[in-house]
Amino acid sequence: MNSAPLYNVLDHFDFDLLNHPDFKEDSVREEIIVPIIKNLGYSASKPFQIIRSRNLTHPFVSIGSQRKKIYITPDYLFEVNSKPAWILDAKSPSESTINSKAVEQGYSYAMHSEVRVNYFALCNGVYFTLYNVSKPEPVLHFPTRAIPGYWSQLKEFLSPEKIFNNTEVVLKKDFGLHLKRLGFDQFKSLLFHKVPIFHLGQLDPNMFSMSAGIEIESQIYIATFDFGQKQFEQLKSKLPLEAIEKLAIRDPKSRQLIQFADRVYLVNVNAKVSNQLQETDQELFLPLQVNEFS
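Treat the numbers as computed from the prediction; the structure is a model and nothing was measured.

(A) Seen up close, the pattern of salt bridges. Evaluation of the coordinates by the stated rule reveals eight salt bridges. Notably, a salt bridge pairs Arg145 with Asp16, separated by 3.9 Å at the nearest N-O pair. On the criterion of sequence distance, the pair formed by Arg145 in the loop between strand 10 (140-143) and helix 3 (147-158) and Asp16 in the segment before helix 1 (25-40) is long-range, its members being 129 residues apart. Residue Arg145 is classed as partly exposed on the basis of its relative accessible area of 29%. We classify Asp16 as exposed; its relative accessible area is 52%. In this structure, Lys91 and Asp89 form a salt bridge, with 3.4 Å as the shortest nitrogen-oxygen distance. In this structure Asp89 comes out as buried when scored by relative accessible area, which is 3%.

Structure (structure tokens):
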């Protein structure tokens with residue numbers, strides 16, 4: 001089975017520029033943010049409008065006997081049919097997009113009485129981080145290098161057609177359940193070409209798991225692939241050296257998440273539909289059991 005080609009809105013950007021001292025917040029706006037928001041479907045014109053640097057009235061501040069009006073100014077406010085939809089603030093590559101004052105600032109913009117939106121995002125060029133005002137942790141946090149693998153999720157949250165539908169984290173349809181309903185659980189071998197991987201989870205010393213988005217006929221599914229130590233060693237043999245170094249398991253008894261924070265890796269996966277239904281507090285899913293990484 002073939003998944004759709006990964007869409008890269010930053011295909012022509014040289015990511016080494018992020019390490020240059022002159023690449024600051026204004027460069028992040030022009031080189032990183034502008035291609036993202038335009039490809040999401042926003043422009044300077046209605047109905048899906050980008051409003052840059054709108055002054056939001058801050059509560060009056062008393063200075064001596066005078067009351068002075070001050071303003072707060074988000075970099076981007078997005079409106080859909082003249083209704084505020086979400087906020088985006090640019091940061092320099094040296095500023096963090098998590099656990100920082102920038103998050104508090106973004107939240108204050110989103111909750112402002114003139115705005116009141118569910119989502120705000122921060123982008124420092126290195127990372128794109130999306131928050132729901134009702135949740136303390138990001139709903140999306142990924143390196144901009146990896147945007148091809150996260151593009152479908154970003155559109156699901158932030159595209160003009162979707163933004164008002166997503167007051168909570170959107171759960172995609174599970175690919176394993178989809179295959180079972182189609183009768184593919186009877187097959188012992190299914191080949192998936194160019195599956196993107198961004199992280200691996202270690203479930204126990206001899207079991208690993210990874211998830212990937214798969215697009216079929218414009219429908220996005222989430223596929224969970226489980227595999228053992230043998231397949232883990234196969235996977236390492238298919239990846240470049242810099243990725244293999246990240247796969248070093250320091251404590252084989254620990255459960256941990258192995259992050260590929262700088263890029264997307266594509267692998268071919270031979271797998272079958274598992275017969276063990278899994279359940280979390282949010283969803284039911286049916287993993288795919290990896291036969292081999294081919």
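Let us keep going from here.
(B) Focus on helix 5 (residues 229-238). Those residues of helix 5 that fall on the buried side of the exposure criterion are Gln231, Phe232, Gln234 and Leu235. Viewed end-on, helix 5 has its buried residues packed into an arc of 160°, placing them on one side of the element. Along helix 5, the residues that are exposed and aim more than 90 degrees away from the buried face are Lys230 and Ser237.

(C) Just the packing of aromatic side chains, in detail. On inspection of all chains with the given rule, the structure shows 17 aromatic pairs. Arranged with centres 5.8 Å apart and planes meeting at 55°, the rings of Phe13 and Phe23 form a pair that is tilted. Highlighted residues: Phe13 in the segment before helix 1 and Phe23 in the segment before helix 1, separated in sequence by ten residues. Of the two residues, Phe13 and Phe23, neither departs from the other in class, the shared state being buried. A ring pair is formed by Phe192 and Phe225, whose centres lie 5.8 Å apart and whose planes are at 75°; its orientation type is edge-to-face. Linking Phe192 in strand 12 (residues 190-197) with Phe225 in strand 15 (residues 219-228), this pair joins segments that are 33 residues apart in sequence. Grouping aromatic residues by their ring pairs yields a cluster made of Tyr42, Tyr76, Phe78 and Trp86. Above the face of the Phe164 ring, Lys83 is positioned so that its terminal group lies 4.5 Å from the ring centre.

Reading the values: the criteria
Residues numbered from 1 in each chain as written. Predicted model: local features only at pLDDT ≥ 70, side-chain atom pairs only at ≥ 80, totals over all residues. Heavy atoms only, no water. Salt bridge = Lys/Arg side-chain N within 4 Å of Asp/Glu carboxyl O. Helix = DSSP H or I, 4+ residues; strand = E, 2+ residues; numbered from the N terminus. Buried < 20%, exposed > 50% of the residue type's maximum accessible area, 1.4 Å probe, protein only. Arc of directions from axis to C-beta. Phe/Tyr/Trp six-rings, centres within 6.5 Å; stacked < 30°, edge-to-face > 60°. Lys NZ or Arg CZ within 6 Å of the ring centre and 35° of its normal.

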